[in-house]
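Geometric and topological summary
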Amino acid sequence: MYEHLEKWGVSKKIIEAMNKIDRKLFVPENLQNYAYEDIPLTIGFGQTITAPHMVGIMCQELELTEGDKVLEIGTGSGYNAAVMSLLVGNSGHIYTIERIEELHKLAKERFEKLNLTNITAILGDGKDGLKEFAPFNKIVFTCYSRKVPEKLLEQLADNGVMLIPIGNEYLQVLKKIRKINGKINEENLLNVRFVPLI
Ligand code: SAH
């Protein structure tokens, strides 16, 4: 289904994981006909489920490997977390935070239904991260911020990777941040459009 993502540089392994997670289960009933289109879709509360190509690119750039401990800010529908959970395997873990209770609840139900036991869904404000489970090998924001939150950089493990869209409502760049021996290295990947970190 997502074989076309190879042209974006997305690996076969990631495409396989995306093919295993049925996106239809993550979109509202009235949009089910569009579930497999490569576009973001509204999930209510002014929020969206990320487009499949962007999920693929983020998983690729995060360099997800078996055993990774990952923090996601912005659970939304839960689709991105579900795909990542297959890529980190049972020795890895996904912690995902959402601030809207209804979305958090729906995502949690989906993870249970799919028996994705290596995901912990948390209701709360992602801006502070999750100190009690830090450090994380990978941190991914699925909402944009004006600047990189300091607290989250502290929670990134050494040799860890963080992906975060930085900018404003109109223009954001997806930044890839790597911590190497405690030093921060930043790279701009591509222009993107996400909903805001609130
Ligand atoms: N990864 C999601 C996309 C979610 S859209 C998916 O695959 O469907 C981004 C989400 O970030 C929204 O649901 C929004 O409510 C949430 N969000 C915004 N600010 C937040 C914050 N401070 N803490 C936690 N979640 C936040």
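This one's a predicted model, so the numbers in the text were calculated from it and none came from an experiment. (Residues numbered from 1 in each chain as written. Predicted model: local features only at pLDDT ≥ 70, side-chain atom pairs only at ≥ 80, totals over all residues. Heavy atoms only, no water.)

**As for the side chain of K175**
Definition in use: Numbered from the N terminus, helices here are DSSP runs of H or I no shorter than four residues, and strands are runs of E no shorter than two. For the purposes of these results, a polar contact is taken to be a pair of N or O atoms within 3.5 Å, where, inside protein, one atom must be able to donate a hydrogen and its partner to accept one; residues adjacent in sequence count only when each atom of the pair is a side-chain atom. When checking whether two residues touch, look at their non-hydrogen atoms; a contact exists if any pair is within 4.5 Å.
Following the sequence through the fold, K175 ends up in strand β8 (residues 172–180). Separated by 3.2 Å, the side chains of K175 and E186 make a polar contact. At 2.8 Å, the side chain of K175 and the side chain of N188 are in polar contact. Discounting chain neighbours no more than four positions away, the residues touching K175 are M162, L163, I164, I166, E186, E187 and N188.

**Here's the deal with helix α3 (residues 79–88)**
Defined as follows: The buried label goes to any residue with under 20% of its type's maximum accessible area, the exposed label to any with over 50%, and the partly exposed label to all in between, with areas taken from a 1.4 Å probe on protein chains only.
Counting buried residues in α3 gives nine out of ten residues, a clear majority hidden from the surface. Taken together, the buried positions of α3 are occupied by Y79, N80, A81, A82, V83, M84, S85, L87 and V88. Immediately downstream of α3, the backbone of G89 shows phi near 70°, a positive value.

**Points about the site of the ligand**
The line we're drawing: By convention in this text, a residue qualifies as near a molecule or strand provided that one of its non-hydrogen atoms is within 4 Å of it. Only the protein chains shown count as cover for residues, and all accessible areas are computed by the Shrake-Rupley method using a 1.4 Å probe.
The immediate surroundings of the ligand are formed by 26 residues, with S77, E98, D125, G126 and I198 found nearest. Here an oxygen atom of the ligand sits 2.6 Å away from a polar atom, N or O, in the side chain of E98. Take I198: an N or O atom from its main chain is 2.9 Å from a nitrogen atom of the ligand. In the complex, the protein chains occlude 99% of the 580 Å² of accessible area that the ligand would expose alone. Elements with a contribution of two residues or more to the shell around the ligand: β2 (47–49), α3 and β4 (93–98). Top element by residues in the shell around the ligand is β2. It accounts for three residues.

**Remarks on the side chain of Q47**
Relative to the helices and strands, Q47 is located in strand β2. Residue Q47 is classed as buried on the basis of its relative accessible area, which comes to 17%.

**With respect to the nonpolar core**
Keep this limit in mind: Residue types Ala, Val, Leu, Ile, Met, Phe, Trp, Tyr and Cys, when buried and joined through side-chain atoms within 4.5 Å, form a set referred to as a nonpolar core.
If you look at the biggest cluster of nonpolar residues, it comprises 45 residues, and the most contacted ones within it are M18, C59, L64, Y79, V83, M84 and F111. Going through the elements one at a time, α1 (12–20), β1 (41–44), α2 (52–61), α3, α4 (101–113), β5 (119–123) and β7 (156–167) are the ones with two or more residues in this core. Considering every element that reaches this core, the biggest residue donor is α3, with seven residues. If we skip the residues at most four places from it in the chain, Y79 touches Y2, M18, I21, R23, F26, I49 and V55.

Remember, this is a structural readout, not a statement about activity or role.
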